[in-house]
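Geometric and topological summary
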Amino acid sequence: MKALITGASSGIGREIARQLSAMGIDVILVARRMARLQELKEELDGNVSIISMDLSDENSCKMLYERLKDEEIDILVNDAGFGVYGFFDETDLDRELEMINVNVKAVHILTKLFLRDFIARDYGYILNVASLAGYVPGPLMASYYAGKAYVLRLSEAIYGELKRKKCNVHITALCPGPVPTEFNQVANVHFFLKGMKTEKVAEQAIRGMFDEQRVVVPGWLMKCGRALTRITPVRLQLSASYFIQQRKTK
């Protein structure tokens, strides 16, 4: 098998690359930072390819597909992404648009292009990294939360379509809670809750993907949080989200 993993230079993407490689799966790693990718390549056994690419550029996403479409990719992991913190009227527009391009547009493009090939072969797995944030509105990180909601609902809708087609292609949305990664430094925040280790998140994500789960929410505490979103009024969700986001800067 062969897996394409974006955002592989750090965090969840890097750990998924490690675990898939340990399973004997060839991996193609994509991120902006070539030095980080080279370090990871030297660490892993088996067949590892690395590609330095900025997925905030729509044309780069399409070029990545064109470059790899004949490689017969079996697994696509869309993990690339980052966050922007602050009141919506105060955050930098260009930075937010860059975030939307990476977190939403790149996921949309790569999912669509590789999904078509997977359906034609009647085989393949897609793992889209969303977030528990996709279940609620997120004051102080409004665009990030909205983007993760897009990834979650897009993945779920495609899951439903694939069931209708009765094909052997499967898509899973990964919705973790806080995870100690470089996300914090990029967004200039820190989690006030203890995050789940990337190793555990990656392990549950991979298991859930191969088990053909629609959504994977790692950890019992986050599963409880997800359940609460179903019964909590939006007004209370807004207050709770603002409290949580505000605490990230303390």
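Residue positions are given per chain, counting from 1 as you read along its sequence in written order. Local features in this predicted model are restricted to residues whose pLDDT is 70 or higher, and side-chain atom pairs enter the listing and the counts only when it is 80 or higher, whereas totals over whole chains, interfaces and linings include all residues. Hydrogen atoms and water are omitted, and side-chain values are computed over all heavy atoms in the structure.

It is worth spelling out the overall build of the chain at this point. What counts as a helix is a DSSP run of H or I of at least four residues, what counts as a strand is a run of E of at least two, and both are numbered from the N terminus. Assigned secondary structure in the chain consists of nine helices and seven strands. Here the chain has a C-alpha radius of gyration of 17 Å; the compact-globule value for 250 residues is 18 Å, and the two agree. C-alpha atoms of the chain, sized along the principal axes, occupy 50 × 40 × 30 Å. For the chain, with 250 residues in total, the buried portion stands at 52%. Any pair of residues with heavy atoms lying within 4.5 Å of one another is described as a contacting pair. Counted over contacts in the chain with a minimum sequence separation of 6, partners at least 24 positions apart contribute 65%. Counting every atom, the chain has about 12,300 Å² of accessible surface; 52% of that belongs to carbon and sulfur. The quantity called the radius of gyration is restricted to C-alpha atoms. Its globule counterpart is 2.2 Å times the number of residues to the power 0.38. Buried, partly exposed and exposed residues are distinguished by accessible area as a fraction of the type maximum, computed with a 1.4 Å probe on protein chains only: under 20%, between the cut-offs, and over 50%, respectively. Using a 1.4 Å probe, accessible areas were evaluated by the Shrake-Rupley method; residue-level cover was limited to the displayed protein chains.

To continue, consider the pattern of salt bridges. We define a salt bridge as a contact between a side-chain nitrogen of Lys or Arg and a carboxyl oxygen of Asp or Glu at a distance within 4 Å. Inspection of every chain in the model, using the stated rule, returns eleven salt bridges. Of the charged contacts in the structure, one is a salt bridge between arginine 153 and glutamate 156, with a shortest N-O distance of 2.5 Å. With arginine 153 and glutamate 156 both in helix 5 (residues 142–165) and three residues apart, the pair spans about one turn of that helix. For glutamate 156, a relative accessible area of 14% translates into the label buried. Here glutamate 156 ties to arginine 214 by a salt bridge, and the two come within 2.4 Å at their closest N and O atoms. Of this pair, glutamate 156 sits in helix 5 while arginine 214 sits in the loop between helix 7 (198–210) and strand 7 (215–216); the two residues are 58 residues apart in sequence, bridging distant segments of the chain. A cluster of three or more residues bridged by salt bridges with shared partners is formed by Glu15, Arg18 and Glu43.

Looking now at the nonpolar core. Note on soluble globular proteins: their nonpolar side chains tend to be buried together. Ranked by internal contacts, the top residues of the largest apolar core, which has 48 residues, are Leu4, Leu55, Leu64 and Phe114. Top contributing element to this core by residue count: helix 4 (residues 93–121), with ten residues. Those residues in contact with phenylalanine 114, other than ones at most four positions away along the chain, are Leu4, Tyr65, Leu68, Ile73 and Leu76. The criterion is simple. A nonpolar core is a set of buried Ala, Val, Leu, Ile, Met, Phe, Trp, Tyr and Cys residues joined through side-chain atoms within 4.5 Å. Residues Ile16, Ala17, Leu29 and Leu174 belong to the second largest nonpolar core, which totals 29 residues.

A separate point is the sheet that holds strand 1 (residues 2–6). The criterion for strand pairing is that DSSP finds at least two bridges linking the strands in question. Here we have seven strands laid out as an open sheet, ordered 3-2-1-4-5-6-7, and parallel in their pairing. Looking at which strands have only one partner, the edges of the open sheet turn out to be strand 3 (48–52) and strand 7. In terms of strand pairing, strand 4 (residues 75–78) meets strand 5 (residues 124–129) through four bridges, oriented parallel. Directly across from valine 77, in strand 5, lies its bridge partner leucine 127. Where helix 1 (residues 11–22) meets the sheet, its contacts fall on strand 1, strand 2 (26–31), strand 4, strand 5 and strand 6 (169–174), and the angle it forms with strand 1 comes to roughly 165°. Running over the sheet, helix 3 (residues 58–68) touches strand 1, strand 2 and strand 3 and is turned about 150° from strand 3. Lines fitted to the C-alpha atoms define the axes, with helices restricted to the stretch that makes contact. Angles between their N-to-C directions range from 0 to 180 degrees.

So, on to helix 4. In this scheme, a helix's expected span is set at 1.5 Å multiplied by one less than its residue total. End to end, helix 4 covers 41 Å across 29 residues, agreeing with the expected 42 Å (1.5 Å per residue, within 8%). Two axes enter the definition of the bend at a residue: one is fitted to the seven residues ending there, the other to the seven starting there, and the bend is the angle between them. Along helix 4, the sharpest change in direction is near 35° and occurs at asparagine 101. Its side-chain oxygen 3.3 Å from the backbone nitrogen of aspartate 94, aspartate 92 forms the N-cap of helix 4. Aspartate 122 sits one or two positions beyond helix 4 and adopts a positive phi of about 60°. We call two N or O atoms a polar contact when they sit within 3.5 Å, provided that within protein one can donate a hydrogen and the other can accept it, with sequence-adjacent residues counted only if both atoms are side-chain atoms.

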